[in-house]
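Here is how the chains run, residue by residue.
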Amino acid sequence: MEKRQELYRGKAKTVYTTDDPAYLVMHYRDDTSAFDGAKIAQLAMKGETNNRFNAFIMEQLAAAGVGTHFVKLLNERESLVKNLKMIPIECVVRNVVAGSMAKRLGLSEGMPLVNPVFEFFYKSDALHDPMVNDYHILALGWASAADIEAMKTLTFKVNGVLKPLFAQAGLTLVDYKLEFGREAAKPQAPLLLGDEFTPDGCRLWDSSSQEKMDKDRFRRDLGNVIEAYREVGRRIGVPL
Ligand code: ADP
Ligand code: UDP
C-alpha cells in the first residue's frame, strides 16, 4: 500500500489517500487541542502513544465483535484504515457525570449514574458540537433510523468491552466519544467504528485516587499529559 496525497488535516491527525481508494493512512501528530481548537499545543510522544493505544483498543473491540476501520499499524505514527464515509455525529456514553453534562445540568463531577447516558452531538467546531437528538439526525438526513439504532447499540457494546478492561487496570471509564461510518463503496454494509479511541476522546480516572488520566489534564493544565496516557496504556497492556 502506497501513501499518496494529504486528504484532510484535522486537529490531531492527518489523513492520506493510498493507491487503493478503499484504504487511507491515518497519521497521528503530536498536536493536541481543546475547546474546539481554541487551545492548541504540541506534546512530545503524543502521536506514537495514541497510534499504539488506538491500535490496541481497536483490536480488542474487533475481537469482541465490534467492526472497526482499523487494518494495521504501519509505523510509529501511522495506521492503515478502511476509507469510510463518516456520519457527522459524535456518539457519547457516560458512566459517571463529568464535562459538559455536569455543566449543562449543574451537577458535580463524579456523581454516579443509575444507568449509562447516551448523547448525540453534531460534529461542527464552528457551532461547538451542539447536542442533537434522533429527530434532528433523521430530519436533516445525517443518518437513517437503522443507523441511529446501530450507533446506539455499537456504542453501548463498546462500553461492555472497555468498562471492564479499564476497571481491571484500576481505571474508571467515565465517558467517551465514538464516530461511525461505512465503507464508501459499500452502502449496504454495516456501520464500522471509525476515528480513534484514545485518552484524547474519553475520560479515565484512577479508581482509587480519582486522578484524571485523560485529556482533561491538558484542558485543565494539570501537566504530565502524555505520561498519564502512557501509564493508562501500560496498565491495560498496550506495548508502549
Ligand atoms: P478533527 O477533524 O475533529 O479535527 P482529527 O484530527 O482526528 O479530528 O481528524 C481525523 C478526521 O478523519 C475526522 O474528521 C474523522 O471524522 C475522520 N475520519 C476518521 N476515520 C476515518 C475513516 N476511516 N475514513 C474517513 N475519515 C475518517
Ligand atoms: N469528546 C471528544 N470530542 C469532542 C467532544 C467530546 O472526544 O469533540 C469526548 C470527551 O473527551 C469526553 C466525552 O467525549 O470524554 C464527553 O465530552 P463532553 O460532552 O463532556 O464535553 P467536554 O467537556 O469534553 O467538552
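Look a little higher up for the structure.
Residues numbered from 1 in each chain as written. Chains lettered and ligands numbered in written order. Predicted model: local features only at pLDDT ≥ 70, side-chain atom pairs only at ≥ 80, totals over all residues. Heavy atoms only, no water.

### Some thoughts on the site of ligand 1
(1) Moving on: Close to ligand 1 lie 17 residues; Tyr8, Lys11, Ala12, Lys13 and His69 are nearest.
(2) Moving on: The separation between an oxygen atom of ligand 1 and a polar main-chain atom of alanine 12 is 2.7 Å.
(3) Moving on: Between ligand 1 and the protein, one listed contact pairs a nitrogen atom with a backbone N or O atom of lysine 82 at 2.8 Å.
(4) Moving on: Surface burial for ligand 1 is 88%, taken as the share of its 550 Å² of free accessible area covered by protein chains.
(5) Moving on: Listed by contribution, the elements that provide at least two residues to the shell around ligand 1 are β2 (13-18), β3 (23-28), β7 (78-82) and β8 (84-86).
(6) Moving on: The class makeup of the residues in the shell around ligand 1 is 8 nonpolar, 3 polar and 6 charged. (Near = heavy atom within 4 Å. Polar contact = N/O pair within 3.5 Å; in protein donor to acceptor, adjacent residues only side chain to side chain. Areas by Shrake-Rupley, 256 points an atom, 1.4 Å probe, with all protein chains shown as cover. Helix = DSSP H or I, 4+ residues; strand = E, 2+ residues; numbered from the N terminus. Nonpolar A, V, L, I, M, F, W, Y, C, P; charged D, E, K, R; others polar.)

### Overview of the site of ligand 2
(1) Moving on: The environment of ligand 2 is formed by 14 residues, the closest being Arg94, Ser100, Asp129, Asp175 and Arg203.
(2) Moving on: Aspartate 175 is positioned with one of its side-chain polar atoms (N or O) 2.6 Å from an oxygen atom of ligand 2.
(3) Moving on: Arginine 219 is positioned with one of its side-chain polar atoms (N or O) 3.0 Å from an oxygen atom of ligand 2.
(4) Moving on: Considered on its own, ligand 2 offers 500 Å² of accessible surface; in the complex 77% of this is hidden by protein.

### Considering the sheet that holds strand β10 (residues 112-122)
(1) Moving on: Across the sheet, which stays open at both edges, the 5 strands sit in the order β11-β10-β9-β12-β15 with antiparallel pairing between neighbours. Each having just a single partner strand, β11 (131-132) and β15 (202-206) make up the two edges of the open sheet.
(2) Moving on: By the bridge criterion, 5 bridges tie strand β12 (residues 171-178) to β15 in an arrangement that is antiparallel. Paired with aspartate 175 across the strands is arginine 203, a residue of β15.
(3) Moving on: Lying over the sheet, helix α4 (residues 145-167) contacts β9 (89-96), β10, β12 and β15, oriented at roughly 155° with respect to β12. (Pairing = 2+ DSSP bridges. Contact = heavy atoms within 4.5 Å. Axes fitted to C-alpha atoms, helices over the stretch in contact; angles between N-to-C directions.)

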